There are 2 protein chains.
Amino acid sequence: MSLDAVLDRIDRQLPQALDRLLEFLRIPSISTDSDYDAETRRAAEWLRAALAELGCDAEIRDTPGHPMVTGRTGGPGRAILFYGHYDVQPVDPLVLWHRDPFDPAIEDTGAGRVIRGRGAADDKGQLLTFIEACRAWKDVHGTLPGNIAFLFEGEEESGSPSLVPFLKENADELSRDLALICDTGLYSHDRPGIVTQLRGLLGEEIVITAAAKDLHSGSFGGLAMNPIRVLARILASLHDDRGRVTVPGFYDGVPELSAELRRQWESLGFDGAAFLSGVGLFLPAGERDRTPLEQVWSRPTCEINGIRGGYAGRGFKTVLPAEAAAKVSFRLVGDQDPLAIRDAFRAMVRAMVPADCRVEFHDHGAAPASRMRTDDPAFEAARRALSHEWPQEAAYIGAGGSIPIAGYFQQILNMDSMLIGFGRDDDAIHSPNEKYDVASFHRGTRSWARILDAIA
Amino acid sequence: MSLDAVLDRIDRQLPQALDRLLEFLRIPSISTDSDYDAETRRAAEWLRAALAELGCDAEIRDTPGHPMVTGRTGGPGRAILFYGHYDVQPVDPLVLWHRDPFDPAIEDTGAGRVIRGRGAADDKGQLLTFIEACRAWKDVHGTLPGNIAFLFEGEEESGSPSLVPFLKENADELSRDLALICDTGLYSHDRPGIVTQLRGLLGEEIVITAAAKDLHSGSFGGLAMNPIRVLARILASLHDDRGRVTVPGFYDGVPELSAELRRQWESLGFDGAAFLSGVGLFLPAGERDRTPLEQVWSRPTCEINGIRGGYAGRGFKTVLPAEAAAKVSFRLVGDQDPLAIRDAFRAMVRAMVPADCRVEFHDHGAAPASRMRTDDPAFEAARRALSHEWPQEAAYIGAGGSIPIAGYFQQILNMDSMLIGFGRDDDAIHSPNEKYDVASFHRGTRSWARILDAIA
């Protein structure tokens, strides 16, 4: 029973695997902040070495931004590409962390053991589940379980500027039968999911400039336009009273759920009130006429991710600022066209800026939504393999987060992706005190061994 | 001619007076930031020493916040209290300064020599004009020109929390015939003004909290309320389409200009377009049916002085923040009641916060507007004295900025204030690269010698 030997090896090597994860997490690979460029590269080097240990032909591939890490084994069987990202989110507000985000540790909590640190869940811990499954397989069998290639990106948390050019330039090498991606979550603690539809993401930054310099609000207040006032009007106009996004044409291409998927989702018994109460809220903030699960999985959204202007420090400063800025993102579904929405959004904003003020836009990425063709038998094989590992049967699910890579794989490489991950809703990814359950890491590694056995 | 000797002494001692000002400006007395508490106290010590050199009985008077500095000479004549403040505004954004704000220097510009540095105009340079006038008088005559007392505050830029209690506790000592205040500007480069009406100031900070922690906008976006969205709606609702402030009851107690004052102001030929074009704007942003001069002098306003929320640094972070905050100030006129407006504002905000979000308010001061009784003959005597020093005749003017001290002097000490200052519109107070013209400093010092000769 070769699979059993691999699973047994994974169980016995768990402490060593966790040590390797902690070492990886100590590298502060914050891709969006150029102060961390050298560390981000160090994370790429770390991964290259890990792939070399698997017997891969592993390389660092430079791009205009952070490098890609690739690796290949030859071998027979279905040609698989595994994708993950080695960069992490910024850590502010640092004051809310109860330990240094880059001094990770295994912590015993009331709900079990967790790996605490930035990137534990997103995505270093997740991508290592696959590498550790491969490592155990190689330890037992001397080779990897098939024809596997790897692609690791270092710009996933900063809009992936180098990704599309890299995929296009290396399409022959990277286009394979199927992609495996580990950057999503469990449906619930006991039930894994294979994500078959993903929202896209459009990221925009608006900078409004009024006066040529900061002004004293006593001397100029009431007469000179305040750019925060302009910005507040723009941002307040992005949703109507029913929670719908007001950008003209925004809902073009937004599909209704199929009857079949609606039935499947209803059977999941998603409890929107419990989901919200977990973070201290109770009122769904999205479209009034949509269920909570639709609001996070299948409906498009608009969020303001950051805002700045004037003096926001301690005390008070009666300044009338020269500039105010906000970062706005849209989650997209179905056939919504990110570039058409960008144009409509920018036109809407421009129309609200007074003639003596200026607006600049900064592009932070535009990726469409994607849906997978689950009639490939590998999907059902993987779903059965997952169901053997976990207490409850694996489900096909949606995902609110955007994983643009799956869309790019479809468009550029004509390759579907199987998105399987082991994160939990309380992992606090992108937030202070991010964690990944040791159980997620352990069972996740075992899950990949089962899936590879079934499909590779 | 004793006045001429004093004026001559001021002219000859200008280099030494400027050196003293530069020394004073090197002390970073930012009162709103507690990191600078020791420096703020050092500025108080510096002033105490300066008053001692004038022969005053000078003291540092501790308060729960930054200390007051007081000084007294006895002597015959009208009992005058001179007021100024030794604290300064924060300096951010520091990157926009072309020199260290606390390494001041005299710079030659195309428009004449200026003193560059934080506090040069607001208010260290201005208060020193009075001290230097007294110094020259004492150098020539051996004593100050009358019965003069001094009060210097170190919390003017941070809401003056200790001021009212201090005035009440020391009302007998501080209540005198007339106050002189040097914290305002010239009407134009050639025409000085005596401010006879001042807007009041209400400062409020709103902190909106939604979820218990920052969330991933992919997992929760669309379902969980975003506090920046709540805040933007609130801020966007503060003005209507005609530029009026929408807080209920806001315009209660706002007087119309008297026919006489309207005539005087019209005769000043204020050019709103030129005033705005000086800072790169051209559209008056206030109430549509009011003149530009009314918008800055006699109409109440609402400004957003600062805003923060989510990730506003480099790059992009798809965070759904837990908290967003804004600082809002209201300039008040006539008989507007700051406390009633605070209540109405807070009620209006509370009504716009969803039931599962919270709002906190922080109080940053509440001072009513004030108007002076110009039938005191000292006003006309001072106006004539000023008119002798400057190319154009001095005018009674309004001021958009709030100088709450004048209102407190009226209410607590039953004492009117004569507000005379020599700042220019382009001094960039509260902004990067603040300056004070050497001509303002020099002529200002001479002006006080003339005024003291006329009224003390």
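The numbers attached to residues start from 1 for each chain and follow its sequence in the written order. Chains and ligands are labelled by the order in which they are written, letters from A for the one and numbers from 1 for the other. In view of the model being predicted, local features appear only for residues whose pLDDT reaches at least 70, and side-chain atom pairs are presented and counted only at 80 or more, with totals across whole chains, interfaces and linings using the full set of residues.

### Here we look at the overall build of chain A
Now for step 1: Scanning chain A from terminus to terminus reveals 15 helices and 17 strands.
Now for step 2: Expected size for 456 residues packed as a compact globule is a radius of gyration near 23 Å; at 23 Å, chain A falls within 12% of this value.
Now for step 3: Summarising its shape, the C-alpha atoms of chain A cover approximately 80 × 50 × 50 Å along the three principal directions.
Now for step 4: Burial statistics for chain A: of 456 residues in total, 55% are counted as buried.
Now for step 5: Of the contacts formed within chain A by residues at least 6 apart in sequence, a portion of 78% connects residues at least 24 apart. Helix and strand definitions follow DSSP, with helices as H or I runs of at least four residues and strands as E runs of at least two, each counted in order from the N terminus. Every radius of gyration here is taken over C-alpha atoms, with the globule rule written as 2.2 Å times N^0.38, N being the number of residues. Counting other C-beta atoms within 10 Å of a residue's C-beta gives its exposure: the residue is buried at 20 or more, exposed at 12 or fewer, and partly exposed in between, where C-beta atoms are placed from the backbone. Contact between two residues is assigned when their C-beta atoms, built from the backbone, lie within 7 Å.

### Some words on the domain arrangement of chain A
All names here are of chain A.
Now for step 1: Throughout, the edges of the domains are those of an automatic or database domain assignment. We note that the domain assignment places domain 1 (2-184 + 403-455) and domain 2 (200-255 + 271-367) within chain A.
Now for step 2: Contact with domain 1, which involves six residues of that partner, is made by seven residues of domain 2.
Now for step 3: Basically, the charged four are Asp, Glu, Lys and Arg, the nonpolar ten are Ala, Val, Leu, Ile, Met, Phe, Trp, Tyr, Cys and Pro, and anything else, Gly included, counts as polar. In the side of domain 1 that touches domain 2, the residues fall into one nonpolar, three polar and two charged.

### Comments concerning the relation of the copies chain A and chain B
Now for step 1: Here the copies are superposed with least squares, the fitted atoms being C-alpha atoms of residues at a pLDDT of at least 70 in both. Once turned by 180° and shifted 0.0 Å along the axis, chain A lies on chain B with an RMSD of 0.1 Å. Overall, the copies show the geometry of a two-fold rotation axis.
Now for step 2: An overlap of 100% is found between the interface residues of chain A and their copies at the interface of chain B, pointing to a shared contact surface.

### Observations regarding the sheet that holds strand β5 (residues 112-116) of chain A
Residues and elements named next belong to chain A.
Now for step 1: Strand order in the open sheet made by the three strands is β4-β5-β17, with antiparallel pairing throughout. Two strands close off the open sheet at either side, each with one partner strand: β4 (105-109) and β17 (435-437). Averaged over all neighbouring strand pairs, the angle between strand axes comes to 35°, with direction disregarded.
Now for step 2: DSSP bridges decide pairing: two strands pair if at least two such bridges lie between them. The pairing of β4 with β5 spans five bridges and is classified as antiparallel. Counterpart to Ile106 in the pairing with β5 is Ile115. To define axes, lines are fitted to C-alpha atoms, for helices over the stretch in contact only, and angles between the resulting N-to-C directions are given on a 0 to 180 degree scale.

### Section: the interface of chain A and chain B
Now for step 1: The interface is formed by 82 residues belonging to chain A together with 82 residues belonging to chain B.
Now for step 2: When residues in the side of chain A that touches chain B are grouped by element, the largest group, nine residues, is from strand β10 (residues 301-310) of chain A.
Now for step 3: Across the side of chain A that touches chain B, the residue classes break down as 36 nonpolar, 32 polar and 14 charged.
Now for step 4: Pairing analysis gives five bridges linking β10(A) to strand β10 (residues 301-310) of chain B, with the strands arranged antiparallel. The partner of A:Gly309 across the bridge, within β10(B), is B:Ile307.

### Topic: the nonpolar core
Now for step 1: If you look at the biggest cluster of nonpolar residues, it comprises 258 residues, and the most contacted ones within it are A:Ala224 and B:Ala224.
Now for step 2: Ignoring anything within four residues of it in the chain, the contact list for B:Ala224 reads A:Leu276, A:Val279, A:Leu281, A:Ala285, B:Ala210, B:Ala211, B:Leu215 and B:Leu320. To count as a nonpolar core, a set of buried Ala, Val, Leu, Ile, Met, Phe, Trp, Tyr and Cys residues must be joined through C-beta atoms within 7 Å.

### Here's the deal with the packing of helix α13 (residues 377-389) of chain A against helix α15 (residues 438-455) of chain A
The relative placement of two packed helices comes down to the angle between their axes together with the axis-to-axis distance.
Residue and element names in this part refer to chain A.
Now for step 1: Their axes nearest at 9 Å, the elements α13 and α15 cross at an angle of 140°. Relative to α15, α13 is oriented oblique. For α13 against α15, the interelement crossing comes out right-handed. Touching Ala378, Ala381, Ala382, Arg384, Ala385, Leu386, His388 and Glu389 of α13 are Arg443, Arg446, Ser447, Arg450, Ile451, Asp453, Ala454 and Ile455, all from α15. Oblique is the label for any angle not under 35 degrees, not over 145, and not in the 65 to 115 range, which are roughly parallel, roughly antiparallel and roughly perpendicular in turn. It is the rotation of the near helix from the far one that decides the hand of a crossing: anticlockwise by less than a right angle makes it left-handed, clockwise makes it right-handed.

### Quick notes on the pairing of strand β8 (residues 193-209) of chain B
All names here are of chain B.
Now for step 1: Of all 17 residues in β8, 14 are buried; the element is thus mostly enclosed.
Now for step 2: Inspection of the sheet shows β8 paired to strand β16 (residues 417-420) by two bridges, in the antiparallel sense. Counted as the bridge partner of Val195 is Leu419 from β16.
Now for step 3: One ladder, built from two bridges, connects β8 with strand β14 (residues 370-371); its direction is antiparallel. The partner of Leu198 across the bridge, within β14, is Ser370.
Now for step 4: When β8 meets strand β12 (residues 323-332), the two strands line up antiparallel, connected through ten bridges. The residue of β12 that forms the bridge with Val207 is Ala325.

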